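# Tertiary structure, described
Chain by chain, the residues:
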Amino acid sequence: MKCIVWISICLALVTAGPVEDIWLRYNRRMLGEAKATEELPARGRIIGGVETSIENVPYQLSLLRNNFFSCGASVISEQWALSAAHCVYPAPSPHTVTLGGGATNKLDSIIFEVAEIILHPQYDDWAFQYDASLLKTTQPMVGYNIAPIALMPVNEDFPAGTRAVVSGWGVMDIVSGEVSENLRMVSVPIIAQEECQQAWPYSVTDDMLCASEPGRSHCGGDSGGPLVVGGRQIGIVSWGQYGCYGVLPSVFARVSHESIRSFISKLAGV
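Below or above, wherever it landed, is the structure these notes cover. Within each chain, residue numbers correspond to sequence positions counted from 1 in written order. This being a predicted model, a pLDDT of at least 70 is required before a residue's local features are given, and a value of 80 or more before pairs of side-chain atoms are given or counted; all residues contribute to the totals for chains, interfaces and linings. The basis for the side-chain values is all heavy atoms of the structure; hydrogens and waters are excluded.

Next up on the list: the overall build of the protein chain. Helix and strand assignments come from DSSP, with helices taken as H or I runs of at least 4 residues and strands as E runs of at least 2, each series counted from the N terminus. For the protein chain, the count of helices and strands is five helices and 16 strands. The cut-offs for exposure are 20% and 50% of the maximum accessible area for each residue type, with area from a 1.4 Å probe on protein chains only; residues under the lower value are buried, those over the upper are exposed, and the others partly exposed. Here the protein chain, with 270 residues, has 59% of them falling under the buried criterion. To be clear on the numbers: accessible area is Shrake-Rupley with a 1.4 Å probe, and residue cover counts the displayed protein chains and nothing else. Carbon and sulfur atoms provide 55% of the accessible area of the protein chain, an area that totals close to 11100 Å².

Any carboxyl oxygen of Asp or Glu that lies within 4 Å of a side-chain nitrogen of Lys or Arg is treated as forming a salt bridge with it. For the structure shown, the criterion picks out two salt bridges. Note that Arg254 is salt-bridged to Asp157, the shortest N-O span being 2.8 Å. Here Arg254, found in strand 16 (residues 251-254), pairs with Asp157, found in the loop between strand 8 (150-151) and strand 9 (163-168); they are 97 residues apart in sequence, far enough to count as distant. By relative accessible area, which is 11% here, Arg254 ends up buried. The partner of Glu213 in a salt bridge is Arg163, and the shortest N-O contact between them spans 3.0 Å.

Let's shift gears to the packing of aromatic side chains. For this analysis, a ring pair means two rings from Phe, Tyr or Trp (six-membered ring only for Trp) whose centres lie within 6.5 Å, classed as stacked if their planes differ by under 30 degrees, edge-to-face if by over 60, and tilted for the remaining angles. The tally for this structure, following the rule as stated, stands at three aromatic pairs. For the pair Phe69 and Trp169, a centre-to-centre distance of 6.4 Å together with 75° between the ring planes defines the contact as edge-to-face. With a gap of 100 residues between them, Phe69 in strand 3 (residues 68-77) and Trp169 in the loop between strand 9 and strand 10 (171-173) connect regions that are remote in the sequence. Accessibility assignment for this pair places Phe69 and Trp169 in one class, buried. With centroids separated by 5.5 Å and ring planes inclined at 70°, the aromatic side chains of Tyr89 and Tyr123 adopt a geometry described as edge-to-face. Of this pair, Tyr89 sits in the loop between strand 4 (80-83) and strand 5 (97-101) while Tyr123 sits in the loop between strand 6 (110-119) and strand 7 (133-137); the two residues are 34 residues apart in sequence, bridging distant segments of the chain. You can call Tyr123 buried: its relative accessible area is 11%. The criterion for a charge sitting over a ring is simple: Lys NZ or Arg CZ within 6 Å of the ring centre, and within 35 degrees of the ring normal. Directly above the ring of Phe69 sits Lys106, whose terminal nitrogen or CZ lies 5.0 Å from the centroid.

Once that is clear, we can look at the state of the cysteines. Count a disulfide wherever a pair of cysteine sulfur atoms falls within 2.5 Å. What the rule picks out here adds up to two disulfides. Each sulfur in the disulfide pair Cys71 and Cys87 lies 2.2 Å from the other. Residues Cys71 and Cys87 are joined by a disulfide whose S-S torsion is about -90°; by sign, that bridge is left-handed. Residue Cys71 is found in strand 3, and its partner Cys87 is found in the loop between strand 4 and strand 5; the two are separated by 16 residues along the sequence.

Now for the sheet that holds strand 4. Here a strand pair is declared whenever DSSP counts at least two bridges between the two strands. Spatially, the six strands close up into a barrel ordered 2-3-4-7-6-5, and their pairing is antiparallel. Across the sheet, the mean angle separating the axes of adjacent strands is 40° when strand polarity is ignored. In this sheet, strand 3 lies alongside strand 2 (residues 60-65) in antiparallel orientation, the contact comprising six bridges. Note on strand 3: the bridge partner recorded for Leu64 is Phe69. We call two residues in contact when some of their heavy atoms are within 4.5 Å. Only C-alpha atoms enter the line fits that serve as axes; for helices the fit covers just the stretch in contact. Angles between N-to-C directions range over 0 to 180 degrees. Strands in contact with helix 5 (residues 258-268) are strand 3, strand 4, strand 6 and strand 7; relative to strand 7, the strand with the most contacts, it is inclined by about 15°.

Now for the nonpolar core. If you look at the biggest cluster of nonpolar residues, it comprises 52 residues, and the most contacted ones within it are Ile76, Leu99, Leu135 and Ile264. Domain boundaries shown here were taken from an automatic or database domain assignment. Residue-level mapping places this core at the junction of two domains, with at least three residues from each of domain 1 (58-148 + 259-268) and domain 2 (150-256). Ignoring anything within four residues of it in the chain, the contact list for Leu135 reads Leu63, Gln79, Trp80, Ala81, Ser83, Val88, Val97, Leu99, Val114, Glu116 and Ile117. Ile190, Leu227, Val229 and Phe252 belong to the second-largest nonpolar core, a separate cluster that totals 13 residues. Residues belong to one nonpolar core when they are buried, are Ala, Val, Leu, Ile, Met, Phe, Trp, Tyr or Cys, and are joined through side-chain atoms within 4.5 Å.

On to helix 5. Residues of helix 5 that are buried include every one of Ser259, Ile260, Arg261, Phe263, Ile264 and Ala268, and no others. Buried-residue contacts for helix 5 involve strand 3, strand 4, strand 6, strand 7, strand 8 and strand 16. Positive backbone phi, at 75°, marks Gly269, one or two positions downstream of helix 5.

This is the structure:
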């Protein structure tokens, strides 16, 4: 079975065009060995969500590798963006990465060049621990419908059941490479840490938080995007269930975790 899945993945990589290749490379859903053996999801998008306007989420960014969409990100200050470490691992040359903002349709985005990419020093690409990265732009990210999102203070959390909003573009069909051109969002409940750890034994650590419900979740292509409650970013889209059904909790890097929050504040000053 593993051999068949490997062949399927290899065929997908061989036949994929540039858009599909970028998505396959930087939007993995599962941890460790499962990344190599999971069957590729047929659809990757904000699950159970609706189209929205950038006016509602002006902090939302797209992250492009060699001019192709690969992940999401968020504006946290004029020259700093926050994303997932796995979106830029291993750290590429900054001139190959750009950020797009200020538009509902990502093809209309204002493009900002990147000067520096910094991964959390404890990032573990096998377990997705400390899945956070910072990107510094060459010019300030200013413009119509571009605004920074406040970050959750260190060691503060909202209680389980609180509704949070996750947004992004995401690939619509991994076989054809069709992507969602217009921004989407979905409201999901925060899941108690103990419940999430029971659902994902030995996988969910204190630097992670969970939020989703059946039929409502983030999915591939949304990696690196923000999870927000009441105008504060509390999470970074990290990993989750194959198929993106929301039956098992979707997992985010926890912005308020002491190590992640200090990483951001020391480098970005927010």
